[in-house]
Amino acid sequence: MKILIYNSGGGLGDSIQLFDIIYSLREKFGSNNIFYLSAHKNHFNNSLSDYNIQLNELKTDIIYFGFRLWHLFKSKKNILKNNSIEQFDLIVDLQSKLRNTIILKQFPSKNFYSSTLNFKFCSVAKDYISTKFDLKNILINIEKLLDTEIPFKKYDFNQINEKYFNEAKRLLPDDNYVGFSVTQGNEYRKKSWPMEKFINVAKKISLLNKKPVFFIEKNNLELIQRIKGEINNAMFPELDSQLSGPPLVTALSSRLNKAISIDNGIMHMIGLADIPMIVLFGPTNSKKFAPKVKNIEILDSKIIYNSEDISKLFLDIRDEAHRFALKNFRSKKRKDMKKHFLFDINGVGPKIVERIYAKYNSIEPIAKLSLQQISKDLSIKVDLAKKIQSLTKEFYN
């Protein structure tokens, strides 16, 4: 069974998010039967090749396939002929732009899957489910289309070449490491959290005998020197290695206790190690892009503050990072891990939390103040001050 997977996303993170889907399809239909067509660079056979999830590339001389109207008039049969393929048994369209889908559908195939226009282009009409926030649903929909079972197989990061794990152990030989990914890859959207706030978090974590580990490209010397100048025990393991690239980041991440990251490609590389994470989101969609790991805390400025301004998250992260370092305080009790822990108290919202940080610069002083002082400083009733102080004491003790 020959399968073509089409992806229009261009980033490393976009490709890493597909690992589980491709891994599952390979397990079901065999790796030799799956072909890949990308509108951009094929990362699977380049930067991500040492994850050992390589795909047969459908060779074509079209750049940015599907993004130009004239692609509609390029003979798709000739493209297949040049790849020694008559037709595909299944084409999986992983994007939803109408133009791209129409162009892709010109390839001869027995079965066609696409979510475009609410699945109108699928070769068989079925009760398909939305894949907007969970790519795993793509497999469920393909099962419906083909009327077959496709067991879900989560990508096993142990597929990475052992040399990366050996190097990671050499670079990070001990324990109590907390990882930081602080730079964005997509320069067109403001996804970066202010650096001084990351530095404040790292300093606070250092006081807890944790070792901050930063994932920053080697050529970003100015930023590296700035962090080194402000954090004495900051570590940059990639600087001391002849190896580099995404597989090393994932191997290093397996040595961490936790990690804190903005929405970027490194966030997905860390997520493959399935370690506890705090991830910060501003303009991008956390439901769609956050790694699907067991222990993750998502701080989304759109959800917490109804704003795409990620810098607002400074109200949460300093104390959330402290809580996170203290073995996930109340993690089993909290139902909504996307919000500040004080929001668990009825009557406490963003305005009160903002007042706390404006007055005290942290939650911690509340544990030591009198209830009358808290009530006066925050303009709240004593009963509410008591609830806030009680939870704060539990937080820090």
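For the structure itself, consult the block above.
Residues numbered from 1 in each chain as written. Predicted model: local features only at pLDDT ≥ 70, side-chain atom pairs only at ≥ 80, totals over all residues. Heavy atoms only, no water.

> Looking at this structure, I do not really get a nonpolar patch on the surface. What am I missing?
The grouping of Leu69, Trp70 and Phe73 at the surface amounts to a nonpolar patch, some 420 Å² of accessible area in total. Within the secondary structure, Leu69 is located in the loop between strand S3 (56-57) and helix H3 (76-82). On the basis of relative accessibility, which here comes to 59%, the residue Leu69 falls in the exposed class. (Patch = residues over 30% accessible without salt bridge, like charges linked within 9 Å, V, L, I, M, F, W, Y side chains within 5 Å. Areas by Shrake-Rupley, 256 points an atom, 1.4 Å probe, with all protein chains shown as cover. Salt bridge = Lys/Arg side-chain N within 4 Å of Asp/Glu carboxyl O. Helix = DSSP H or I, 4+ residues; strand = E, 2+ residues; numbered from the N terminus. Buried < 20%, exposed > 50% of the residue type's maximum accessible area, 1.4 Å probe, protein only.)

> Mind showing me how you'd approach the pairing of strand S1 (residues 3-7) here?
Buried residues dominate S1, accounting for five of its five residues. Where S1 and strand S2 (residues 34-38) come together, five bridges link them in parallel fashion. Residue pairing for S2: Leu4 is matched across the bridge by Phe35. Relative to strand S4 (residues 88-93), S1 runs parallel, the two being bridged by four bridges. Looking across to S4, one finds that Ile3 is bridged to Leu90. (Pairing = 2+ DSSP bridges.)

> Is there a simple way to think about helix H15 (residues 350-360) in this case?
Since there are 3.6 residues in each turn of an α-helix, residues three or four apart along the chain are aligned in direction. Within the span of H15, buried status applies to Ile352, Val353, Ile356, Tyr357 and Tyr360. Projection of H15 onto a plane perpendicular to its axis shows the buried side chains occupying an angular sector of 135 degrees, all on one side. More than 90 degrees from the buried face of H15, the exposed residues found are Lys351, Ala358 and Lys359. (Arc of directions from axis to C-beta.)

> Sorry if this is basic, but what is going on with helix H16 (residues 371-378) here?
The set of residues buried in H16 consists of Leu371, Ile374, Ser375 and Leu378. Buried residues of H16, seen end-on, are gathered within an arc of 100 degrees and therefore sit on one face of the element. Relative to its buried face, H16 has exposed residues pointing more than 90 degrees away, namely Gln372 and Lys376. Phi turns positive one or two residues past the end of H16, at Ser379, with a value near 55 degrees.

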